[in-house]
Amino acid sequence: MSLSVKLKKFMLKNGANEIGYADITNFTPKPGLNVGVVFYIAYPKETIRNMQNAPTKEYLNELIELNSRLDELGMKCEEFLIDNGYDAYAQTKKRLGTDFGEFNSFELPHKTIATRAGLGWIGKSALFTTLKYGSALRLSSVLTNAPLDIGKPILKSKCGKCEICKDACLGGAISGKEWNYKLHRNDFYDDKKCEKYALKISEENLGKADTVCGKCIYVCPHTQKYIKRL
């Protein structure tokens, strides 16, 4: 059994919904670690179903729980690769910080690795999106020098003419422009407007200002297909 298959089985057994591998040679923040291992966990369907008036306390609690589980899973992946004789570095929230809209020059966005691994694309909401789960998921990643089976990159959006998330965003953060791999996030999405509205709506819904909303997750047609699937 190849290392790629062994690692995938290990990660799925420990709670990941999907895992992929990407060539990150040209943009790794850790010289020598030229392969990205990316994985995600989907939100429970019921949590998302209840988000017509997002955000909800249930969603916020689940978000915190998923972040914790992803950090644990990242460390397990790092340990697995090191035990197999390779270098590895888990890009956990604990290590990299959690500031809203923060760009850390010592990290490579999980979403970048995920598109390069061929797991999905970046939606007009700037969220990583898949056909199976929509954007109702959270990502994490590990950098390594292990010889893994690289996926085929997805380099452009699959959103097409859909603008449901743009219409649902009361903060006006979503331009409606389609992502492709050459674009920076702020070329099609305004994180400052998102943050401003999230602080307002979370205070209204949750009783405290926080940088959570989730409306664009809920309305994505692929998310809706996921939560309606039996």
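Note: the structure precedes this text.
As the structure is a prediction and not an experimental result, all values here were calculated from the model.

J.: Please set out the overall build of the protein chain residue by residue, giving values where relevant.
T.: Summing up its helical and strand segments, the protein chain has 9 helices and 6 strands in all. Here the C-alpha radius of gyration of the protein chain, 17 Å, is about what a compact globule of 230 residues would show, namely 17 Å. Projecting the C-alpha coordinates of the protein chain onto the three principal axes gives extents of approximately 50 × 35 × 35 Å. The buried share of the protein chain, reckoned over its 230 residues, is 47%. Counted over contacts in the protein chain with a minimum sequence separation of 6, partners at least 24 positions apart contribute 68%.

J.: Tell me about the side chain of K124, residues and numbers included.
T.: With respect to the secondary-structure elements, K124 resides in the loop between β4 (121–122) and β5 (128–129). One buried charge, K124, has no salt-bridge partner; the nearest side chain with opposite charge is E163, at 4.4 Å. Engagement of the side chain of K124 in a polar contact is seen with the backbone oxygen of G160, the distance being 2.8 Å. A polar contact is formed between the side chain of K124 and the backbone oxygen of C162, at a distance of 2.9 Å.

Analysis parameters
Each chain has its residues counted from 1, following the order in which its sequence is written. Residue-level local features of this predicted model are given only where pLDDT is at least 70; pairs of side-chain atoms are given and counted only at 80 or more, and the full residue set underlies all totals for whole chains, interfaces and linings. As a rule here, side-chain values cover all heavy atoms of the structure and leave hydrogens and water aside. A run of DSSP states H or I qualifies as a helix once it reaches four residues; a run of E qualifies as a strand once it reaches two. Both are numbered from the N-terminal end. Only C-alpha atoms enter the radius of gyration, while the globule expectation follows 2.2 Å times N to the 0.38, with N the number of residues. Throughout, exposure labels follow a simple rule: accessible area from a 1.4 Å probe, protein chains only, divided by the maximum for the residue type, with under 20% read as buried, over 50% as exposed, and the rest as partly exposed. Should any heavy atoms of two residues lie within 4.5 Å, those residues are considered in contact. This count recognises Lys and Arg as positive and Asp and Glu as negative, with His and chain-terminal groups excluded. Throughout this description, the term salt bridge denotes a Lys or Arg side-chain nitrogen within 4 Å of a carboxyl oxygen of Asp or Glu. Under the rule applied, a polar contact is a pair of N or O atoms within 3.5 Å (in protein, one hydrogen donor and one hydrogen acceptor; residues adjacent in sequence only if both atoms are side-chain atoms).

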